[in-house]
Amino acid sequence: MTKIVIIGAGGRLGAALMREYKDKYNVAGFNHAQLDLSKLNDVREKLRPTNFDVLINAAAFTNVDLCETERDRAYLINAEAPALLANICRDKENRHLVVRVSWVFGPDRPSFVDAMIKQAQENENVDAIADKFSAPTYTLDVAQMLRQFFPGAAVAGIGDPGGHFRKTVVSSETGVNDPGYSAGDCGGILHFANAGECSWQEYAQWAVNCCREAGLPLKARIVGAFKLKDMADWVARRPVYSVLSTAKYTESTGMSPPTWRDAVADYITRFYSKK
Ligand SMILES: NC(=O)c1ccc[n+]([C@@H]2O[C@H](COP(=O)([O-])OP(=O)(O)OC[C@H]3O[C@@H](n4cnc5c(N)ncnc54)[C@H](OP(=O)(O)O)[C@@H]3O)[C@@H](O)[C@H]2O)c1
């Protein structure tokens, strides 16, 4: 059975991966208290003797404003520690994949969408930034996408029982392999995000619509607009447009990610309707 080690197992993404993989693989997780990436010697000592087929680093210093003022710590956790992890993997086999994601949401740690729903439950007037764009990324979908790149994973065998993922018909002229191809040979940088793009205002409005559809009592109906320039207390500069192209994912797997609207609707149905 494929042995997976997940670092950052207590975070939004790491906890989701732990849960989604625990019945399918032999999974071991390290949360922050169990493995601190700022202690490079500890990381070396713990991971070098550990056997694994896949090492997933879902840990990071994710508070971007603090990263501006604590630059050395940010560099240590977000650059030096991942470099060490890459070296440990290279010594075992030398294959790696750097996965980029955007606007991550899921049930394991509240994010923007949960803050918006909470505000809409408590207030009649809710606003969100309308001039900043990206694609929300559902942690459960990341789990589905990522496992297609594990050693020996055959795309045709992965699928998605709920039919949430779409199989994209591709011709061999595009260089895409037939169904059954293992995406595990893919390397370098890969983007995972749900399909489509939106502003934070559109994202929040869709979440409000889905909650209303699911019968959740909300005070707010309409999400009003803020401008990015109104966010005076932000320290780090945020990109205005950070939609990631998932073309390489589709070329590698023959699959299209679910749309962000479907992903948010699924999240609200599964995790809010029963609250
Ligand atoms: N969330 C987003 O919108 C977003 C967008 C783009 C990219 N990403 C990337 O996606 C990945 C997962 O993010 P996420 O949303 O799951 O973030 P998250 O919920 O903040 O999870 C990060 C995890 O890393 C842990 N951590 C922090 N410093 C550590 C250290 N020195 N050693 C070990 N663990 C440490 C945190 O533990 P504590 O909570 O105990 O500190 C937390 O469990 C990260 O690489 C992030 O940069 C996220």
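Anything mentioned here points back to the structure above.
In this text the structure is predicted, and so the values were computed from the model without any measurement.

Structural notes on the overall build of the protein chain
Phase 1: Within the protein chain, the secondary structure is distributed over 10 helices and 13 strands.
Phase 2: Each of the 275 residues in the protein chain was classed as buried or not, and the buried ones make up 32%.
Phase 3: The long-range share in the protein chain, meaning contacts at least 24 apart out of those at least 6 apart in sequence, stands at 81%.

Some thoughts on the pairing of strand β3 (residues 54–57)
Phase 1: Side chains V54 and I56 project from β3 onto a buried face, and the interleaved L55 and N57 project onto a face without burial.
Phase 2: The sheet contact formed by strand β1 (residues 3–7) and β3 spans four bridges and is parallel. Directly across from I7, in β3, lies its bridge partner N57.

Digging into the site of the ligand
Phase 1: Near the ligand there are 22 residues, and of these G11, R12, L13, A59 and A60 occur at the shortest range.
Phase 2: When residues of the shell around the ligand are assigned to their parent elements, the largest contribution, three residues, is made by helix α1 (residues 12–21).
Phase 3: Partitioned by chemical class, the residues of the shell around the ligand number 11 nonpolar, eight polar and three charged.

With respect to the nonpolar core
Phase 1: Core analysis: the largest hydrophobic core is formed by 60 residues, its most contacted members being I6, L17, M116, A204, A207 and V264.
Phase 2: When residues in this core are grouped by element, the largest group, eight residues, is from helix α8 (residues 200–213).
Phase 3: Residues contacting V264, with those up to four places away along its chain left out, are V113, P136, W206, A207 and C210.

With respect to the environment of Y241
Phase 1: Counting through the fold element by element, Y241 comes out in the loop between β12 (223–226) and α9 (247–253).
Phase 2: Sequence separation of Y241 and A135 is 106 residues, and the distance between their C-alpha atoms is 9.6 Å.

Some points on helix α4 (residues 71–92)
Phase 1: Helix length check: α4, at 22 residues, gives a terminal C-alpha distance of 31 Å against a target of 32 Å (1.5 Å per residue), a fit within 8%.
Phase 2: For α4, the principal kink sits at I77 and spans about 30 degrees.

Observations regarding the packing of helix α2 (residues 40–47) against α4
In a pair of packed helices, the angle between the axes and the distance between the axes together describe the arrangement.
Phase 1: Between α2 and α4, the least distance of the axes is 11 Å, while the angle of their chain directions is 25 degrees. Classed by the angle they form, the pair α2 and α4 counts as roughly parallel. With respect to the hand of their crossing, α2 and α4 are arranged in right-handed fashion. Of the residues in α4, those touching α2 at L40, V43, R44 and L47 are E80, A81, L84 and I88.
Phase 2: Taken together, the residues that form the contact of α2 with α4 break down as six nonpolar, no polar and two charged.

Calculation rules
- Residues numbered from 1 in each chain as written.
- Predicted model: local features only at pLDDT ≥ 70, side-chain atom pairs only at ≥ 80, totals over all residues.
- Helix = DSSP H or I, 4+ residues; strand = E, 2+ residues; numbered from the N terminus.
- Buried ≥ 20, exposed ≤ 12 C-beta atoms within 10 Å, placed from the backbone.
- Contact = placed C-beta atoms within 7 Å.
- Pairing = 2+ DSSP bridges.
- Near = placed C-beta within 6 Å.
- Nonpolar A, V, L, I, M, F, W, Y, C, P; charged D, E, K, R; others polar.
- Core = buried A, V, L, I, M, F, W, Y, C linked by C-beta atoms within 7 Å.
- Expected span 1.5 Å × (residues − 1).
- Bend = angle between axes of the 7 residues up to and from the residue.
- Axes fitted to C-alpha atoms, helices over the stretch in contact; angles between N-to-C directions.
- Parallel < 35°, antiparallel > 145°, perpendicular 65-115°, else oblique.
- Left-handed = near helix turned anticlockwise from the far one by under 90°.

Coordinates in, geometry out; function isn't part of it.
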